Amino acid sequence: MADWGPVAVGVLLFVLLSPGLLFQFPGNWRTLEFSNLETSGRSILMHTLIFFGLLTLFTLVIRVHIFLS
């Protein structure tokens, strides 16, 4: 049996934390902008750090497991 928990969490976080899709931090004009579908180098870096932190939290600390047979 394979553990699909980290894969599912990674895909979900990747979609939700895409810069400009739901929010952009830091934004071009404000600190936090919602649904502007734009991005910048700073926001890519911040979203990467947030993604890594949340993925580490869910896979190593909370230990999300999904087993499919």
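Just above sits the structure.
Described in the following lines is the structure provided in the data block. Please read all numbers here as calculations on a predicted model, not as lab measurements.

Moving on to the overall build of the protein. Helix and strand counts for the protein stand at two helices and four strands. For the protein, the N- to C-terminal ordering of α and β elements is β-α-β-β-α-β. For the protein, the C-alpha radius of gyration of 14 Å lies well beyond 11 Å, the compact-globule estimate for 69 residues. Projected onto its principal axes, the C-alpha positions of the protein cover 45 × 20 × 15 Å. In the protein, which comprises 69 residues, the share counted as buried stands at 20%. Of the contacts made within the protein by residues no fewer than 6 positions apart, 48% connect residues no fewer than 24 positions apart. Working note: accessible area of the protein is about 5000 Å², and carbon and sulfur atoms make up 75% of it.

Within the fold, T48 resides in helix 2 (residues 41-61). Residue classification places T48 among the partly exposed residues on the basis of a relative accessible area of 45%. Along the chain, T48 and P26 lie 22 residues apart, while their C-alpha atoms are 12 Å from each other.

Orientation of helix 1 (residues 5-16) relative to helix 2, taken along the N-to-C sense of each, is 155°, at an axis distance of 10 Å. By the criterion of interaxial angle, the relationship of helix 1 to helix 2 is roughly antiparallel. In this structure, helix 1 crosses over helix 2, and the sense of that crossing is right-handed. In this structure, helix 1 contributes P6, V9, G10, L13 and F14 to the contact, and helix 2 contributes F51, L54, L55, F58 and T59. Here the residues of the contact of helix 1 with helix 2 are counted per class, giving eight nonpolar, two polar and no charged.

A few words now on unusual backbone geometry. Following F25, the chain continues to P26 via a peptide bond in cis, the omega torsion being -10°. Structurally, the position occupied by P26 is in the loop between strand 2 (23-24) and strand 3 (33-34). The residue R63 is not glycine, and still its phi comes out positive at about 60°. Relative to the assigned elements, R63 resides in the loop between helix 2 and strand 4 (67-68). On the accessibility criterion, R63 (57% relative accessible area) is exposed.

Analysis parameters
- Per chain, residues are indexed from 1 in the order of the written sequence.
- Totals for whole chains, interfaces and linings use all residues, but because this is a predicted model, local features are given only for residues with pLDDT of at least 70 and pairs of side-chain atoms are given and counted only at 80 or more.
- Heavy atoms throughout the structure, all of them, feed into the side-chain values; hydrogens and water do not.
- Helix numbering and strand numbering both begin at the N terminus, where a helix is a DSSP run of H or I of at least 4 residues and a strand a DSSP run of E of at least 2.
- Only the C-alpha atoms count toward the radius of gyration. The rule for a globule is 2.2 Å times the residue count to the power 0.38.
- The buried label applies to any residue whose accessible area, calculated with a 1.4 Å probe on protein chains only, is under 20% of its type's maximum; exposed applies above 50%, and partly exposed to all values in between.
- Contacts were defined at the residue level, with two residues in contact if any of their heavy atoms lie within 4.5 Å.
- A 1.4 Å probe and the Shrake-Rupley method give the accessible areas. Residues count as covered only by the protein chains that appear here.
- Fitting a line to C-alpha atoms yields each axis, with helices limited to the stretch in contact; the angle taken between N-to-C directions then spans 0 to 180 degrees.
- Any angle between 65 and 115 degrees counts as roughly perpendicular, while under 35 counts as roughly parallel, over 145 as roughly antiparallel, and the rest as oblique.
- In this scheme the crossing of two helices becomes right-handed for a clockwise turn of the near helix relative to the far one and left-handed for an anticlockwise turn of less than a right angle.
- Three classes are used, and their members are as follows: Ala, Val, Leu, Ile, Met, Phe, Trp, Tyr, Cys and Pro are nonpolar, Asp, Glu, Lys and Arg are charged, and the others, Gly among them, are polar.

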